[in-house]
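Single-letter residue listing:
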Amino acid sequence: MDPSQTGTPPQNGTEINLGEVTITKATGKLNESPPEGTNDNDVSGENGEAYLENGVVKTQTASAEESEHVTLAVTEELAGILQPHAQLPKPEAPHGLHDSPPPSPPSQNDAASAEKNQNLMPAIGKLIRERSNNFSSAFLKRISSLKESNFADEFLKPSVTEFNLSGLTVTVKLKSETEQQTASLKGRISFFSRSNCRDCTAVRSFFKEKGLRFVEINVDVYPQREKELIERTGTSAVPQIFFNEKLFGGLVALNSLRNSGEFDQRLKEMIGSKCPDDAPASPVYGFDDLEEELTDQMIGIVRVLRLRLPIQDRLMKMKIVKNCFAGGEMVEVLIHQLDCGRKQAVEIGKQLAKRHFIHHVFGENEFEDGNHYYRFLEHEPFIPKCYNFRGSINDCEPKPAAKVVQRLTKIMSAILESYASDDRRLLDYIGISNSEEFRRYINLVQELHRVNLFELSPDERLAFFLNLYNAMVIHAVIRIGRPQGIIERRSFYNDFQYIVGGYSYSLSTIENGILRNNRRPPYSLVKPFGAGDSRIQLAYAKVNPIVHFGLCNGTRSSPIVRFFSPQVIEAELRCAAREFFKRSGMEVNLEKRTVYLTQIIKWFDNDFGEDKDILKWILNYLDPTRAGFLTHLLGDGGPIHISYQNYDWSMNS
């Protein structure tokens, strides 16, 4: 066995111990050959031989008088990092590879330095561990002292404090008693609500102020849950609050419990009881209510026509018209498939055009026999820009427009109540995009494909287009993001479109074409609707400038987002204008005799009239203080300067 492995120094030798490396120097005669049992691991050096035996490297150097036998024991852990002994032969680089002279062999000082560094590393690690332990013990000692003393009770009442350790600032936030109870709450608070309900808003605000988790079941968003509400409470009135499966009552009962100071006690009773299965269930994402949808009675004919008609590109009026067919071709298919006369086939074609299954390629007529070209609604060139089109046209029987308008208003109002700030100035677009309410809104707007807007009354039509504009802005921000710069803004307002009643509507089309009676947008020379456009029939004959304060374009300087009810649309618009001018839409400087107005009035000055007409119109929507200032400027006969505020285009998020 090798002496380096047994720890016994060889005879007539000296042992030098360097940590994990043991070097033994012995004197004797050179063996003529390596010991028996060596193998292919033998390596030859310039002045002798080296070979590997049992994990030990042995070298022999030729000398007539004496030989040095060096045994280097290498442990498995240090085999990859320890340098060979200084007396072992070193490999030489080929001639010409390096211009500089080869490095000199390491001296005794280098070996001593390496030994010193190896001895120093454990000391450094020990020092770091001691410092870390000292820091941890100091930190724990400080925390323990805070718990044992009255420091937390006397000085941490604001619920947040700071104390310093050497080089470190620790911020401690203490939970209130209600928050601690909420964290360990096993039961569930749930309540039934409706959109635009003041009592429901009060209940929601109370739970948020108390920091309580709750489940809201809006029966306007989940219509089928209204039946459950009636079965559990015997009425359809809201709000109705449940603690687990037990009915607590409405806002009156909640106020009574809060004023008597018994609410916290009732909350403690819930902590230990797990919510049973018969409690009102939480709404589930991704499941639609089962509603009976009637298939359009003309859909069978439409499906036959889609298969039989030769749909192709054609040349008409020096233009290439894509994906169209001739009226005469459709009449022939109808006669062959329905076994009817030509006149009856033409009447069927007019019914299909009235239901917005087909349109004339240039909008010249409803339907005529002969060489007139038509196309299906899904083949219209604006379809790729319509974000309420999801692969196919809604072929179900169109629902009454008033019902669709009402449902749209309720869902979007529910979104605002859950994902807007209290003043409605800021929206949580990420929260909206992930909500069940927004998913249902996306499904709802597909019902607009072939809805008949001419069924709506003027107030219903006004509320519909105001609400649709504000909803489309939210959808556009979620899908394509907030525009940056003039070019992106123009695309944002013109290229994001919906199919409504068989035609495309963009944000600019709704604002300038419908609400402003087909007037040119700011900095544009073209009107939204051309001659013969069917959409112009829905435009308002008289422009009411107050509608500008009911439109939110998703920026911080625009009016706040809101959704209007047809029954009180005029009153809600007046309220919107007052809030806008009260917040930031108008300022008066008496010394400079200057009135600062919003840029909205500058962009649409044709709607508001001359400067003095604008100021007189604004007087109707100002608070008493500003109205007094403006009345003073208008009454003294002096000049009045109008300046326009900078517009903040940043997103209202």
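Residues numbered from 1 in each chain as written. Predicted model: local features only at pLDDT ≥ 70, side-chain atom pairs only at ≥ 80, totals over all residues. Heavy atoms only, no water.

Peer 1: I tried to follow helix α22 (residues 624–635) on my own but got confused; where do I start?
Peer 2: Every α-helical turn comprises 3.6 residues, leaving residues that sit three or four positions apart pointing alike. Taking 1.5 Å as the rise per residue, α22 with 12 residues should run 16 Å; its terminal C-alpha atoms sit 16 Å apart, in good agreement. Those residues of α22 lying buried are R626, A627, L630 and L633. All buried residues of α22 project into a common sector of 125 degrees when viewed along the axis, lining one side. The exposed residues of α22 that point more than 90 degrees off its buried face are P624 and G635. Buried residues along α22 sit against α18 (569–585), β19 (586–589), β20 (594–597) and α21 (611–618). Note on α22: the residue one or two positions beyond its end, G637, has a positive phi of about 80 degrees. (Helix = DSSP H or I, 4+ residues; strand = E, 2+ residues; numbered from the N terminus. Expected span 1.5 Å × (residues − 1). Buried < 20%, exposed > 50% of the residue type's maximum accessible area, 1.4 Å probe, protein only. Arc of directions from axis to C-beta. Contact = heavy atoms within 4.5 Å.)

Peer 1: How should the sheet that holds strand β12 (residues 246–249) be read in this particular structure?
Peer 2: Picture the strands of a sheet paired through backbone hydrogen bonds; they go either parallel or antiparallel. Strand order in the open sheet made by the 4 strands is β10-β9-β11-β12, with mixed pairing throughout. Each edge of the sheet is formed by a strand with only one pairing partner; in this case those strands are β10 (214–218) and β12. Ignoring which end each strand starts from, the neighbouring axes of this sheet average 25 degrees apart. Along the sheet face, helix α5 (residues 198–210) touches β9 (189–193), β10 and β11 (240–243) and points at about 160 degrees away from the line of β9. (Pairing = 2+ DSSP bridges. Axes fitted to C-alpha atoms, helices over the stretch in contact; angles between N-to-C directions.)

Peer 1: How do you make sense of the confidence of the model for the protein chain when you look at a structure like this?
Peer 2: When pLDDT is low, close inspection of the predicted coordinates is not appropriate. Of the residues in the protein chain, 71% reach a pLDDT of 70 or more, and the chain-wide mean stands at 80. Here residues 1–52 is modelled with pLDDT under 50, and outside its nearest four sequence neighbours on either side it reaches 88 contacts, counting other chains as well. Here residues 54–80 is modelled with pLDDT under 50, and outside its nearest four sequence neighbours on either side it reaches 69 contacts, counting other chains as well. (pLDDT = per-residue confidence, 0-100.)

Peer 1: Mind showing me how you'd approach the packing of helix α12 (residues 401–419) against helix α14 (residues 436–444) here?
Peer 2: Packed helices, taken two at a time, are described by the angle between their axes plus the distance between the axes. In contact at an axis separation of 10 Å, α12 and α14 are set at 160 degrees when each is read in the N-to-C sense. As the angle between them shows, α12 and α14 are arranged roughly antiparallel. Crossing handedness for the pair α12 and α14: left-handed. Contact residues: V404, R407, L408, I411, M412, A414, I415, S418 and Y419 in α12; E437, F438, R440, Y441 and L444 in α14. Across the contact of α12 with α14, the residue classes tally to 10 nonpolar, 1 polar and 3 charged. (Parallel < 35°, antiparallel > 145°, perpendicular 65-115°, else oblique. Left-handed = near helix turned anticlockwise from the far one by under 90°. Nonpolar A, V, L, I, M, F, W, Y, C, P; charged D, E, K, R; others polar.)

Peer 1: Would you mind showing me how to read the packing of aromatic side chains here?
Peer 2: Where two aromatic rings form a pair, the distance of their centres and the angle of their planes describe that pair. Inspection of every chain in the model, using the stated rule, returns 26 aromatic pairs. Measuring from ring centre to ring centre gives 4.9 Å for W603 and Y647, while their planes differ by 50 degrees; the resulting arrangement is tilted. With a gap of 44 residues between them, W603 in helix α19 (residues 599–603) and Y647 in the segment after β21 (641–644) connect regions that are remote in the sequence. When its relative accessible area of 21% is taken as the criterion, W603 is described as partly exposed. Since its relative accessible area comes to 13%, Y647 is described here as buried. A ring pair is formed by Y647 and W649, whose centres lie 4.7 Å apart and whose planes are at 55 degrees; its orientation type is tilted. For R482, the ring lying beneath its charged end belongs to F492, and the centroid distance is 4.9 Å. Taking the ring centre of Y505 as reference, the NZ or CZ of R535 above it sits at 5.9 Å. (Phe/Tyr/Trp six-rings, centres within 6.5 Å; stacked < 30°, edge-to-face > 60°. Lys NZ or Arg CZ within 6 Å of the ring centre and 35° of its normal.)

Peer 1: Whenever I open this one, the pattern of salt bridges confuses me. Can you help?
Peer 2: Proximity of charged atoms lets side chains of opposite charge pair with each other. Enumeration according to the criterion identifies 26 salt bridges in this entry. R194 is the salt-bridge partner of D220, the closest N and O atoms lying 3.7 Å from each other. Pair noted here: D220 is in the loop between β10 and α6 (225–233) and R194 is in the loop between β9 and α5, with a separation of 26 residues, a long-range link. Residue classification places D220 among the buried residues on the basis of a relative accessible area of 8%. Here R439 and E436 are joined by a salt bridge, their closest N and O atoms 2.8 Å apart. Remark: E436 and R439 occur in helix α14; sequence separation between them is 3 residues, near one turn of the helix. Exposure class is identical for R439 and E436. Each is buried. Overlapping salt bridges, with partners in common, bring together R194, D220, E226 and K410 in one network. (Salt bridge = Lys/Arg side-chain N within 4 Å of Asp/Glu carboxyl O.)

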